[in-house]
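# Observations on the model geometry
Okay, here's what each chain looks like letter by letter:
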Amino acid sequence: MEKIFRAVMDASQDAIFIHKRLKFIYMNQRGAEILKVEKPEDAIGKDVRDFIQLGSDSIHPDELHKAINGELFTPYYSESYYHVNGHEIKMAVYVENLTVDGENYAKVVCKNVPEKKKILELEEQNRLREEFFANLSHELRTPLNIILSGMQLMEKRENIIHPAEDACFKSVRRSGYRLLRLVNNILDMTKIDSGNFDVSMSKVNIVYIVEDIIESAADYIKSKGIEIQFDTDVEEKTVLCNVECIDRIILNILSNAVKFTPKGGRIDVSIYDRDDSVHIHIKDTGIGIDDKNLRRIFERFEQVDKSFRRSHEGSGMGLAIVKSLLDIHGGKIKVISSSGEGSDFIIELKASNEKSSFETNEIIDKEKYIDRKVNIEFSDVDI
Ligand code: ADP
């Protein structure tokens, strides 16, 4: 039991001291840190005043006198500057009596108080950071979007073109989408990190959303010589989510499945109703992931085998973003895979009992929107 009490005390973020007649009897690890000694034992038995200058604003002289004589004193709370071992720190200090077996001790709990000025400075820094990223986001996306819409217009020209020109045109367009994906991922990751990634949620039929994405990507996937199949054991399942995020999650995993599945393979996307949740499996017959790397793939910038870099391009941010987007939805992701045996990515989302309130035609020109998403998310495949 004593071990447990000690563990609790040592885990405390507050410094806790017990002294008798101003001689330290006990302190936790945090207390030793504040006194700037290596371990509590280095200060136990010593006088509080060897470490802390007790000013008149921290304790009334009469009360100090009582504490020195081992008498009961009036508990007090103060928030002020203390000189501790030559350093000035601002602390909130609470001192009260502790009586055990008729003996009086003083119990002191100290917390570091960040100065108001520092808090204001931090807030200002945060605001500037946000402003900078909002501006950067606009500055990066605007020229890219202009290039991409220009390409789209050129694509519609009738009198096309020499085959070499056509290949060059496609490669420029794909590079544009790739750059846009990278910019989106970097900016979103920054926003997620700083807690500024705000999304609006609506109640949608997840079955419809997933089926729609698969349909949009199917032609492209088949053109890579990979079979794709969609299956579901439920027609309607409502999930509270942001549709754009869900599109990105699915397309990200799907684009990896295409990237790491050789010609002749297949991808199965299946939805399973689990009453209060829904499971979406994206299963491929590709190269698989070995045990060692399975745990790491959701970490940032992680690509399992750097030697794939040339044939399998990517920044290693995809799955980290997928995981963060799922966290925002209170969802989960796991993967079952082994080397050479394909991979099964399983997304779990909480289901809602209510009916979906989202009309798909709320997105104007949904087809165009999702084609663009497919272009962006698949831009890393077969560079
Ligand atoms: P990237 O954007 O570089 O693809 P991801 O975060 O999306 O990064 O994926 C991280 C790594 O996980 C990939 O580089 C790859 O090694 C591995 N991986 C992801 N999905 C699959 C899959 N379906 N099959 C095999 N390996 C995969």
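Note that the structure is predicted; figures quoted are calculated from it, not measured.

It is worth spelling out the pairing of strand β4 (residues 76-84) at this point. Strand direction decides the pairing type here: strand β3 (residues 52-53) and β4, joined by two bridges, are antiparallel. Each bridged residue has a counterpart across the sheet, and for I52 the counterpart in β4 is V84. Note: β4 against strand β5 (residues 87-100), nine bridges, orientation antiparallel. When the bridges of β5 are listed, Y77 appears paired with Y94. Here β4 folds back onto β5 in antiparallel fashion, the turn holding two residues, of which N85 has a positive phi close to 45 degrees.

Moving on, we come to unusual backbone geometry. Only a minority of non-glycine residues have a phi that is not negative, and only a minority of peptide bonds are not trans. With a phi close to 50 degrees, R21 is a non-glycine residue in the positive phi region. Mapped onto the elements, R21 comes out in the loop between β1 (15-20) and β2 (23-27). Looking at R21, the relative accessible area reads 47%, which means it is partly exposed.

Let us look at the packing of aromatic side chains. Enumeration over the complete set of coordinates arrives at four aromatic pairs. With a centroid separation of 5.4 Å and an interplanar angle of 35 degrees, the aromatic rings of F17 and F24 are classed as tilted. The residues F17 and F24 share a single accessibility class, namely buried. In textbook terms, an aromatic cluster arises when at least three aromatic residues are bridged by ring pairs, as seen for F17, F24 and F51.

Calculation criteria
Residues numbered from 1 in each chain as written. Predicted model: local features only at pLDDT ≥ 70, side-chain atom pairs only at ≥ 80, totals over all residues. Heavy atoms only, no water. Pairing = 2+ DSSP bridges. Helix = DSSP H or I, 4+ residues; strand = E, 2+ residues; numbered from the N terminus. Buried < 20%, exposed > 50% of the residue type's maximum accessible area, 1.4 Å probe, protein only. Phe/Tyr/Trp six-rings, centres within 6.5 Å; stacked < 30°, edge-to-face > 60°.

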